[in-house]
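Each chain, letter by letter, is given below.
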Amino acid sequence: MPVLLGIDIGGSGIKGNLVEPETGLLLAERFKVPTPQPSLPPDVANAVAEVASHFAYRGPIGCTFPAIVKGGVTWSAANVDTAWIGYDAAGLFGRVTGERITVINDADAAGMAEMAFGAGAGERGVVLVLTFGTGIGSALFSDGRLVPNTEFGHIELAGFRPVEQWAAARVRSDEDLTWEDWGRRVDRLLHHLEQVLSPDLFIIGGGVARRFAKFQDFLTVPVKTVAALLENEAGIVGAAMAAARSIR
Ligand code: BGC
């Protein structure tokens, strides 16, 4: 069974691991380097190369990125340097690593992993995975098939645009919100998304997933809502899955 390198590029850390995409198994100890600040393309690329050389890996690499990604080009930059807008990220990472690179939106990657091996396994219908961290990422699935690059963290709600500036996990710590106050914000977002998408399932991902019990009671939306299961590793696994699909 093939083994691929998955790299998850986030606002604070860039982490990688060897993954068996068919099973979602992680095959080594995770390796993490801090995300360079400012997160300029050449510096981030060097960090990606450092992760790849740590594993002495040769072969296709999947990378997540917290932006809209089409054909390896990043088209937004909400929580990274604006130099990434319109940047050929796959080309750059390919030059520094010497390998074939697939770049995918971070939430889409996490969602793919969650649908294959986590809380969404076997779920049909419309499933929306939301990741709560520095921002809010989204991954929308219809009968298991991803609709890429949805950006539900960037809609306007409660007078905030993007809504992630009001309801991301970072806002809870920055504003010192109680789980109830923050949970009610999440609930309001879920109600809005329920009205426009009529989903069958919401999956709450990101670091808050393991604290789901703290805010679950404040979620009143009439849609089954569960915590993601793969936690921090979902992005790495999804990145490797995306790379595996691109070489098939
Ligand atoms: C970005 C998304 C990303 C999300 C989570 C948002 O600000 O626009 O592309 O998926 O943050 O990192």
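What you are looking at is a predicted structure, and each value in this text was computed from that prediction instead of being measured.

**Student:** Help me get a handle on the nonpolar core, residues and values and all.
**Tutor:** Among the nonpolar cores identified, the biggest contains 84 residues, and F93 and F132 are the most heavily contacted of them. Broken down by element, the residue count for this core peaks at eight residues, all from helix α8 (residues 234-247).

**Student:** So what's going on with the packing of helix α3 (residues 106-117) against α8? Which residues, and what values?
**Tutor:** Relative to each other, α3 and α8 sit at 90°, their axes nearing to 7 Å. With respect to their mutual orientation, α3 and α8 come out roughly perpendicular. For the pair formed by α3 and α8, the contact residues are A109, A110, M112, A113, E114, A116 and F117 on the first element and A234, G235, V237, G238, A239, M241, A242 and R245 on the second. Among the residues forming the contact of α3 with α8, the class breakdown is eleven nonpolar, two polar and two charged.

**Student:** Give me the packing of aromatic side chains: which residues, what numbers.
**Tutor:** Taken as a whole and judged by the stated rule, the model has nine aromatic pairs. Measuring from centroid to centroid gives 6.2 Å for F160 and W166, while their planes differ by 25°, and the two rings are stacked. We classify F160 as partly exposed; its relative accessible area is 33%. A residue is classified by how much of its surface remains accessible, and W166, at 11% relative accessible area, is buried. Taken together through their ring pairs, the aromatic side chains of F132, W179, W182, F212 and F215 make up a single cluster. Sitting over the ring of W179, R172 keeps its end group 3.6 Å from the ring centre.

**Student:** Explain the site of the ligand residue by residue, including any values.
**Tutor:** For the ligand, the full set of nearby residues is P66, A67, A78, N79, N105, D106, A107, I136, G137, E151, H154 and E164. One of the side-chain N or O atoms of N105 is found 3.0 Å from an oxygen atom in the ligand. Protein contact buries 93% of the 310 Å² of open area that the ligand shows by itself. Looking at the shell around the ligand, the elements that each hand over two or more residues are α3 and β11 (136-142). Among the residues making up the shell around the ligand, the classes are represented as five nonpolar, four polar and three charged.

**Student:** Please set out the sheet that holds strand β8 (residues 87-88) residue by residue, giving values where relevant.
**Tutor:** Reading across the sheet, the three strands line up as β6-β7-β8 and stay open at both edges, with antiparallel pairing between neighbours. The open sheet has two edge strands, β6 (69-70) and β8, and neither has a second partner. Here two bridges tie strand β7 (residues 73-74) to β8, and the two strands are oriented antiparallel to one another. Along β8, the bridge assignment pairs T74 with Y87.

Cut-offs and rules
- Residues numbered from 1 in each chain as written.
- Predicted model: local features only at pLDDT ≥ 70, side-chain atom pairs only at ≥ 80, totals over all residues.
- Heavy atoms only, no water.
- Core = buried A, V, L, I, M, F, W, Y, C linked by side-chain atoms within 4.5 Å.
- Buried < 20%, exposed > 50% of the residue type's maximum accessible area, 1.4 Å probe, protein only.
- Helix = DSSP H or I, 4+ residues; strand = E, 2+ residues; numbered from the N terminus.
- Axes fitted to C-alpha atoms, helices over the stretch in contact; angles between N-to-C directions.
- Parallel < 35°, antiparallel > 145°, perpendicular 65-115°, else oblique.
- Contact = heavy atoms within 4.5 Å.
- Nonpolar A, V, L, I, M, F, W, Y, C, P; charged D, E, K, R; others polar.
- Phe/Tyr/Trp six-rings, centres within 6.5 Å; stacked < 30°, edge-to-face > 60°.
- Lys NZ or Arg CZ within 6 Å of the ring centre and 35° of its normal.
- Near = heavy atom within 4 Å.
- Polar contact = N/O pair within 3.5 Å; in protein donor to acceptor, adjacent residues only side chain to side chain.
- Areas by Shrake-Rupley, 256 points an atom, 1.4 Å probe, with all protein chains shown as cover.
- Pairing = 2+ DSSP bridges.

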